[in-house]
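Descriptive structure summary
What follows is the residue order along each chain.
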Amino acid sequence: MQSHDLPTSSDPWAAETLRSFCADVLPALQALPQRAVHNDANEYNVLVIDDEQVTLIDFGDAVTSPRVVGLGVAIAYAMLGQVDPLAAGAAVVGGYHEVAPLHLDELDVLDAVVRTRLAMSVTIAEQQIRDQPDNAAYLGMSQDAIACLAAVLTDIAPALASATYRHACGFIPISAERHIERFFGSAEFDPAPMVAADLSRAQIIDWSAAADRLQEIPQDRPSLGRYGELRTIYDTPAFGTPFEERRTLHLGIDVFVPEGTATRSPLDGVIHSCDIRDQPGDYGGVVIIEYRTPAGPRFWMLVGHLAHASIDALEPGDHIGRGEEFALVGTREENGGWAPHLHVQLFTDLLDQTTELDGVARASQRDVWMSISPNPAPLIAGVDTAAVRAPHKRDAASISGRRRTNLSPSLSLSYAEPLQIVQGDGASLIDAQGRRWIDLVNNVAHVGHEHPRVVDAIAQQARQLNTNTRYLHSNVVDYAQRLAGSFPDPLSVVVLTNSGSEAVDLALRMVRTATAREGVLTLDWGYHGNLSSLIEISPYKFNRAGGSGRSERVRICELPDPYRGDHGADGAAYAIDVARQAADLAAAGLPAAVFVHESISGCGGQVDLAPGYLQAAYAHARDAGALCIADEVQCGLGRVGTDWWAFEAQGVVPDIVTMGKPLGNGHPLGAVITTPQVARAFANGMEYFNTFGGNPVSCAAGLAVLDVIDDQRLRAHASVAGEHLITGLRSLADRHEVIGDVRGRGLFIGVELIDDASTRTPATALTARVVEAVWRRSVLISSDGPHANVLKIKPPLVITTAELDHVVDALDSALGEVADATS
Ligand code: PMP
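All of the points below concern the structure found in this document.

The rules behind these values
- Residues numbered from 1 in each chain as written.
- Predicted model: local features only at pLDDT ≥ 70, side-chain atom pairs only at ≥ 80, totals over all residues.
- Heavy atoms only, no water.
- Near = heavy atom within 4 Å.
- Polar contact = N/O pair within 3.5 Å; in protein donor to acceptor, adjacent residues only side chain to side chain.
- Areas by Shrake-Rupley, 256 points an atom, 1.4 Å probe, with all protein chains shown as cover.
- Nonpolar A, V, L, I, M, F, W, Y, C, P; charged D, E, K, R; others polar.
- Helix = DSSP H or I, 4+ residues; strand = E, 2+ residues; numbered from the N terminus.
- Buried < 20%, exposed > 50% of the residue type's maximum accessible area, 1.4 Å probe, protein only.
- Contact = heavy atoms within 4.5 Å.
- Phe/Tyr/Trp six-rings, centres within 6.5 Å; stacked < 30°, edge-to-face > 60°.
- Disulfide = S-S within 2.5 Å.
- Pairing = 2+ DSSP bridges.
- Axes fitted to C-alpha atoms, helices over the stretch in contact; angles between N-to-C directions.
- Core = buried A, V, L, I, M, F, W, Y, C linked by side-chain atoms within 4.5 Å.
- Parallel < 35°, antiparallel > 145°, perpendicular 65-115°, else oblique.
- Left-handed = near helix turned anticlockwise from the far one by under 90°.
- Salt bridge = Lys/Arg side-chain N within 4 Å of Asp/Glu carboxyl O.
- Arc of directions from axis to C-beta.

Considerations on the site of the ligand
- Around the ligand, the neighbouring residues are Ser499, Gly500, Ser501, Tyr527, His528, Gly529, Asn530, Glu598, Asp631, Val633, Gln634 and Lys661.
- In this structure, Ser501 approaches the ligand through a side-chain N or O atom, which is 2.5 Å from an oxygen atom.
- Separating a nitrogen atom of the ligand from a side-chain N or O atom of Asp631 is a distance of 2.7 Å.
- Protein coverage of the free-state accessible area of the ligand, which is 390 Å², stands at 86%.
- Partitioned by chemical class, the residues of the shell around the ligand number two nonpolar, seven polar and three charged.

Put into structure tokens, the structure is as follows:
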């Protein structure tokens, strides 16, 4: 569009919006990404089928244009009739960005595009009505709503709208904030005291629950009112009509000092404006000083509640030196009845305003406003930045919103209605509403969530020392010795890591160094960790969504699944595949360095390997010159009952065992144990250094976990409680045909659900519904396996038999509910 094509409007707002669009926005718009846009996305052009499938209709306005134009049209529609149009706009922007990420330069023009769309609508309707006066009622149908919206938007600064859109996409709302924060952290930043009082001794007033404005405050020392505090006292119409969300979020710091106290500028600056705002609840005498960071971006400090007479002589543009007095603290009478104090607020953007800046904001716009007005504490010498910032707990909705924009979309969430867990206790988790959930998922909180002995051990050691393994410290040696004591000989040499993945990766390096080979024999459906080296050996990852398939140096061995496998419970028969795959690797010139397996397959669906499998498989692997790694990250450390480790029941001794999850009861701790031979072969001159691995705090956690397992006899409990649960679950199988198999050892149990007993067809969809139905009964359970039809049960070992009885009851009624719903 050229400016001479500009439609004219008699509406001054529309005319000015169109003029500024052509002059300021059009040049930038033309450089933005283009695509075919629907250009009329409103609720009348959307078909929703079954609440899920969405289809657009009416492509009569479709054009190729900057895609942000199509988005702007949708936002303009979404805003119509909304009490809070900016929130409606932000929701559309956030949703669009989730699917088609927006660039910052697109977000910068978006507000202007939205306004322009509305101005075009006004202008076009005006022209059409002029041409067809008989049809005025129809042509002007939306004009009242548009006029209302235009009036609301006039009060919303474009910079605020842009900041809101940037925030909806997970970006910093006001980009200058980052420069200013950098300046405050630099050596060049040296603010002079604003007032003579020692504010490091100030008491901090909690105003969040106050019902009234503070009339009196203790005078014996200065006081501070907090930044970021939600204050219900701002309940006058000045802070929002009864139908709107009130502005309650305090954006400044109150500095309570006696009236008449001299107020000084912390830095060299220039007076931006001064004014007297004496409406009830307002600032009284207010001065805004402009400062500049060395890198260029400006920022502003607003100081309110000043003595009116003291600011008379100030003029915008006046220079004000660092430490120079510019005003006095006002009296109670001239500042709306508040006890004498200063309101100090920082601005990273003045939102095109001179003095009409808000000191409190809507809580729903918290992040945006805290970027416009960050914590001003650095400007006020003596104030402790963290102490003066009011604590803030996000609610579930805001956490999930932020997750979508600021966390990787490859992180998943459990349950259709995700939980906000705030506390753990034994085998239970407690959510933000105080509801208790029995946790059958977390095999990390091995000895119980937040076990006091483990927590105390961590805290005590953290208070004393935390460093790396290059100094002598007894914790690391004690822990290695205790851990080694739980293994059969010759497994005796320990290396500590921070995760299961690090442990398996190290084990892989060890076997490759020791054998000078690369090939890997891995069990089907195995998962061994999140590092690149482990995705390569985890069929659960490389053979599923997003995986790039099997690498040349890896071979998959058949999972010896007694329920679904071709050889039933004949372990030796499955193991022949290990010999076959080893030969195949050798034939490809990449002979096997290792046979790696989980001792019970977790991701494979809690599959207890067919009896005799490991003995035969190890024999074949070793015949082929490979070493054997048992990955016990999931199932180890006494979970299976009397045995410490799940491989023991199969009568084998691996060359390396890897451990993780339960070792630190939630503190990051992993380990590798191997034989002296492999350890010696790995020590080829290259140091193994792991900054955090084996630090004294982690070892203290590990030692405490071992103590608790012994003292609370948790291995014996795992056996007894596991048997109890398996009996309960098997009794359910008599009533519920969908239960095809109940299997497991100790507290590592699987329940496989099937649609048809004769064909054992996996009940995949039903399993997902059962997980949700059990959730409605306060029990957390997960599902896995090749067909996602196995309920996985691996709770903290401290789970009581009473809790397990509740689990069986919950499963019983959940299975009944799901069966009723599908029949
Ligand atoms: N091995 C197995 C068998 C696992 O189950 C896991 C984690 N699920 C890992 C290794 C990796 O452990 P981490 O997530 O602690 O790195």
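Some points on the side chain of Thr515
- On the secondary structure map, Thr515 appears in helix α13 (residues 500–515).
- You can call Thr515 buried: its relative accessible area is 19%.
- Of note is the side chain of Thr515, whose polar atom sits 2.7 Å from the backbone oxygen of Val511.
- The contacts of Thr515, once residues within four sequence positions are left out, are Ala593, Gly625 and Leu627.

Some points on unusual backbone geometry
- Following Asp489, the chain continues into Pro490 via a peptide bond in cis, with omega recorded as 5 degrees.
- Mapping Pro490 onto the fold places it in the loop between α12 (474–484) and β20 (493–497).
- Of note in the backbone geometry, Leu637 takes a positive phi value of approximately 70 degrees without being a glycine.
- With respect to the element layout, Leu637 can be found in the loop between β26 (627–631) and β27 (656–659).
- Overall, the relative accessible area of 1% leaves Leu637 in the buried class.
- With phi around 55 degrees, Arg760 is a residue other than glycine that occupies positive phi space.
- Inspection of the secondary structure puts Arg760 in the loop between β30 (748–756) and β31 (761–762).

Some thoughts on the side chain of Gln143
- Within the fold, Gln143 resides in helix α6 (residues 143–154).
- Ignoring any residue separated from it by four or fewer positions in sequence, one finds Gln143 in contact with Ser121, Val122 and Ala125.

Regarding the packing of aromatic side chains
- The final tally for this structure, using the stated rule, is 16 aromatic pairs.
- Relative to Trp338, the ring of Trp207 lies with its centre 6.0 Å away and its plane at 85 degrees, an arrangement referred to as edge-to-face. One end of the pair, Trp207, is in the loop between β5 (203–205) and β6 (223–225); the other, Trp338, is in the loop between β14 (325–328) and β15 (342–347), with 131 residues separating them in the sequence.
- Residue Trp207 is classed as buried on the basis of its relative accessible area, which comes to 2%.
- When the centroid spacing of 5.5 Å and the interplanar angle of 35 degrees are considered together, the rings of Tyr291 and Phe299 count as tilted.
- Relative accessible area serves as the criterion here: at 2%, Tyr291 is assigned to the buried category.

Re the state of the cysteines
- Inspection of every chain in the model, using the stated rule, returns zero disulfides.
- In this structure Cys603 is not part of a disulfide, and its nearest cysteine sulfur, from Cys635, lies 11 Å away.
- Residue classification places Cys603 among the buried residues on the basis of a relative accessible area of 6%.

A word on the sheet that holds β27
- What the seven strands build is an open sheet, ordered β20-β28-β27-β26-β23-β21-β22; its pairing is mixed. In this open sheet, the two strands that pair with only one neighbour each are β20 and β22 (554–557). The mean angle between the axes of side-by-side strands here comes to 20 degrees, regardless of whether they run parallel or antiparallel.
- Note: strand β21 (residues 519–523) against β22, four bridges, orientation parallel. Residue pairing across strands places Thr522 opposite Ile556, the latter belonging to β22.
- Packing against the sheet, helix α17 (residues 613–623) makes contact with β21, β22, β23 (592–598) and β26, and its axis sits at approximately 165 degrees to β23.

Here's the deal with the nonpolar core
- Judged by nonpolar contacts, the single largest core of 100 residues is most densely connected at Phe595 and Tyr613.
- At nine residues, helix α19 (residues 696–711) tops the list of elements feeding residues into this core.
- In contact with Tyr613, not counting residues within four places along its chain, are Leu523, Cys557, Glu558, Pro560, Gly571, Tyr574, Ala575, Val578, Phe595 and Gln650.

Overview of the packing of helix α20 (residues 714–735) against helix α22 (residues 801–822)
- Close contact between α20 and α22 brings their axes to 10 Å; oriented N to C, the two are set at 20 degrees. Judged by the angle between their axes, α20 and α22 are roughly parallel. Once α20 is placed against α22, the crossing between them reads as right-handed. The residues of α22 that touch α20, namely those facing Ala721, His724, Leu725, Gly728, Leu729, Leu732 and Arg735, are Thr801, Leu804, Asp805, Val808, Leu811 and Asp812.
- Of the residues belonging to the contact of α20 with α22, the class tally is seven nonpolar, three polar and three charged.

Re the pairing of β30
- Burial of β30 is extensive: seven of the nine residues sit out of reach of the surface.
- As judged from the six bridges shared by strand β29 (residues 739–745) and β30, these two strands associate in the antiparallel manner. If you follow Val742 over to β30, its bridge partner there is Val751.
- Counting the residues that bridge the hairpin from β29 to β30 gives two residues, and of these Gly746 lies at a positive phi of roughly 55 degrees.
- The sheet contact formed by β30 and strand β34 (residues 790–793) spans four bridges and is antiparallel. Paired with Ile749 across the bridge in β34 is Ile793.
- Relative to β31, β30 is paired through two bridges, and the arrangement is antiparallel.

Notes on the environment of Gly625
- With respect to the element layout, Gly625 can be found in the loop between α17 and β26.
- By relative accessible area, which is 35% here, Gly625 ends up partly exposed.
- In sequence terms Gly625 and Pro297 are 328 residues apart; their C-alpha atoms lie 66 Å from each other.
- If we ignore the near neighbours within four places in the chain, the residues touching Gly625 are Thr515, Arg517 and Ala592.

Thoughts on the sheet that holds strand β18 (residues 428–431)
- Read from one edge to the other, the open sheet built from four strands follows the order β17-β18-β19-β32, with strand pairing classed as mixed. Here the strands that pair on one side only, and so sit at the sheet edges, are β17 (421–425) and β32 (779–780).
- Note that β17 and β18 share four bridges and pair antiparallel. Residue pairing in the sheet places Asp425 in a bridge with Ser428 of β18.

Quick look at the pattern of salt bridges
- Per the stated rule, a full pass over the model turns up 33 salt bridges.
- Where Arg482 meets Asp710, a salt bridge forms, and the shortest distance between an N and an O atom there is 3.9 Å. Within this pair, whereas Arg482 is found in helix α12, its partner Asp710 is found in helix α19, the two being separated by 228 residues in sequence.
- Its relative accessible area of 38% is what places Asp710 among the partly exposed residues.
- The partner of Lys792 in a salt bridge is Asp784, and the shortest N-O contact between them spans 3.1 Å. There is no split in this pair, since Lys792 and Asp784 are both buried.

A word on helix α8 (residues 176–184)
- For α8, every residue scored as buried is listed here: Ala176, Ile180, Phe183 and Phe184. One side of α8 carries all its buried residues, which in axial view fall inside an arc of 100 degrees. The exposed residues of α8 that point more than 90 degrees off its buried face are Arg178, Glu181 and Arg182.

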